[in-house]
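Single-letter residue listing:
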Amino acid sequence: MSPAIALAFLPLVVTLLVRYRHYFRLLARMVLLRSLRDCLSGLQIEERAFSYVLTHALPGDPSHILTTLDHWSSHCEYLGHMGPVKGQILMRLVEEKAPACVLELGTHCGYSTLLIARALPPGGRLLTVEWNPRTAAVAEKLIRLAGFDERTVELIVSSSEEVIPHLRTQYQLSQVDLVLLAHRPRRYLRDLQLLEAHALLPAGATVLADHALFPGAPRFLQYAKSCGRYRCRLHHTGLPDFPAIKDGIAQLTYVGPG
């Protein structure tokens, strides 16, 4: 490419860099820097985050553990977790719905798990599913460090599509009052339909979907709006530490098979 042609494209390149600077920063922190640190440390980001929590957070205090994770993500490595803004939405909805049983698909480091567990009514139960064994091992330690036992929070190491059909027989879960979808957005629709097929959603059940706008779950949202089985609402937020990148939590209320 000649210098003249390169110079002609320079304004376009500069415009793109300015317009999408937040996405480039996110890409650098979540992919480039994380991959480099993974290679240098031999640890996953969740394992590094837990090491920080162990030395800075108060055991048995879920609130302090969550604040410590927020601080680590903002000042050390971007964790890509739910964060405090979405976290307040999640806790408020759990407190309002007072679910006897919650199903979380996508435990990750355990951040949203602690939020839900804190807001459960007395005697409430949370089943959380994580497919990655190393990530699940970290989440298990974090959950127990926060003071929640297996009667309150049970962590299942498996894929969501394998767990959902066996919830009734293996985990004595006949119905789910609240579901948090927080794994991979492209799997949201498949898992929602699995929950429907196995009659696990009672009328009035709440389904929450994180990352509904970024990276987004358009097929899931389209289905929820058009199938006639749900009332839908979208809680608009930004990403933690990247408020200019718009995201949201989708709230679905199951009205019946239709």
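Residues numbered from 1 in each chain as written. Predicted model: local features only at pLDDT ≥ 70, side-chain atom pairs only at ≥ 80, totals over all residues. Heavy atoms only, no water.

### Considering the environment of L36
Turning to step 1, where the next piece is worked out: You can see L36 is positioned in helix α2 (residues 21-41).
Turning to step 2, where the next piece is worked out: With a relative accessible area of 47%, L36 lands in the partly exposed category.
Turning to step 3, where the next piece is worked out: Counting along the chain gives 164 residues from L36 to L200, while the straight-line C-alpha distance between them is 42 Å. (Helix = DSSP H or I, 4+ residues; strand = E, 2+ residues; numbered from the N terminus. Buried < 20%, exposed > 50% of the residue type's maximum accessible area, 1.4 Å probe, protein only.)

### Some words on the pairing of strand β2 (residues 125-130)
Turning to step 1, where the next piece is worked out: Among the six residues that make up β2, five are buried, leaving the element largely enclosed by the rest of the structure.
Turning to step 2, where the next piece is worked out: A crossover connection joins strand β1 (residues 101-105) to the parallel β2 through helix α6 (residues 111-119); in handedness this β-α-β unit is right-handed.
Turning to step 3, where the next piece is worked out: Sheet topology note: the β2/strand β3 (residues 153-157) ladder contains five bridges and is parallel. Counted as the bridge partner of V129 is I156 from β3.
Turning to step 4, where the next piece is worked out: Following the backbone out of β2, through helix α7 (residues 133-145) and into the adjacent parallel β3, one traces a crossover that is right-handed. (Right-handed = clockwise from strand over helix to strand, strands pointing away. Pairing = 2+ DSSP bridges.)

### Describing the nonpolar core
Turning to step 1, where the next piece is worked out: Of all hydrophobic cores here, the largest spans 42 residues; its most connected members are I65, L90, L114 and I116.
Turning to step 2, where the next piece is worked out: Looking at this core, the elements that each hand over two or more residues are α3 (45-56), α4 (62-75), α5 (83-97), α6, α7, β3 and β4 (178-181). (Core = buried A, V, L, I, M, F, W, Y, C linked by side-chain atoms within 4.5 Å.)

### Re the domain arrangement of the protein
Turning to step 1, where the next piece is worked out: Splitting the protein by domain gives domain 1 (1-42) and domain 2 (84-254).
Turning to step 2, where the next piece is worked out: Centre-to-centre, using C-alpha coordinates, domain 1 lies 33 Å away from domain 2.
Turning to step 3, where the next piece is worked out: On the domain 2 side, the residues contacting the six residues of domain 1 number seven residues.
Turning to step 4, where the next piece is worked out: Summed over both partners, the interface of domain 1 with domain 2 comes to about 590 Å²; 73% of that surface belongs to carbon and sulfur atoms.
Turning to step 5, where the next piece is worked out: Area buried by domain 1 at its contact with domain 2 is led by H22, Y23 and L26, which between them contribute 68% of it.
Turning to step 6, where the next piece is worked out: Remark: the boundary between domain 1 and domain 2 carries zero salt bridges.
Turning to step 7, where the next piece is worked out: There are one residue pair in polar contact (both at pLDDT 80 or more) connecting domain 1 and domain 2.
Turning to step 8, where the next piece is worked out: When grouped by side-chain class, the residues that make up the side of domain 1 that touches domain 2 number two nonpolar, two polar and two charged. (Domains from an automatic or database assignment. Contact = heavy atoms within 4.5 Å. Buried area = accessible area lost by both parts, 1.4 Å probe. Salt bridge = Lys/Arg side-chain N within 4 Å of Asp/Glu carboxyl O. Polar contact = N/O pair within 3.5 Å; in protein donor to acceptor, adjacent residues only side chain to side chain. Nonpolar A, V, L, I, M, F, W, Y, C, P; charged D, E, K, R; others polar.)

### Let's talk about the side chain of R34
Turning to step 1, where the next piece is worked out: By the secondary structure assignment, R34 is in helix α2.
Turning to step 2, where the next piece is worked out: Despite its burial, R34 pairs with no opposite charge; the closest candidate is E46, at 5.6 Å N-O.
Turning to step 3, where the next piece is worked out: Setting aside residues no more than four positions away along its own chain, R34 makes contact with R29, I45, R48, Y78, L79 and G80. (Lys, Arg positive; Asp, Glu negative; His and termini not counted.)

### Focus on the pattern of salt bridges
Pairs can form between side chains of opposite charge once their charged atoms are near each other.
Turning to step 1, where the next piece is worked out: Per the counting criterion, the structure on display carries twelve salt bridges.
Turning to step 2, where the next piece is worked out: For the salt bridge of R92 with E96, the shortest nitrogen-to-oxygen distance reads 3.4 Å. Of this pair, R92 and E96 both sit in helix α5, four residues apart, which is roughly one turn of that helix.
Turning to step 3, where the next piece is worked out: The class for R92 is partly exposed, based on a relative accessible area of 34%.

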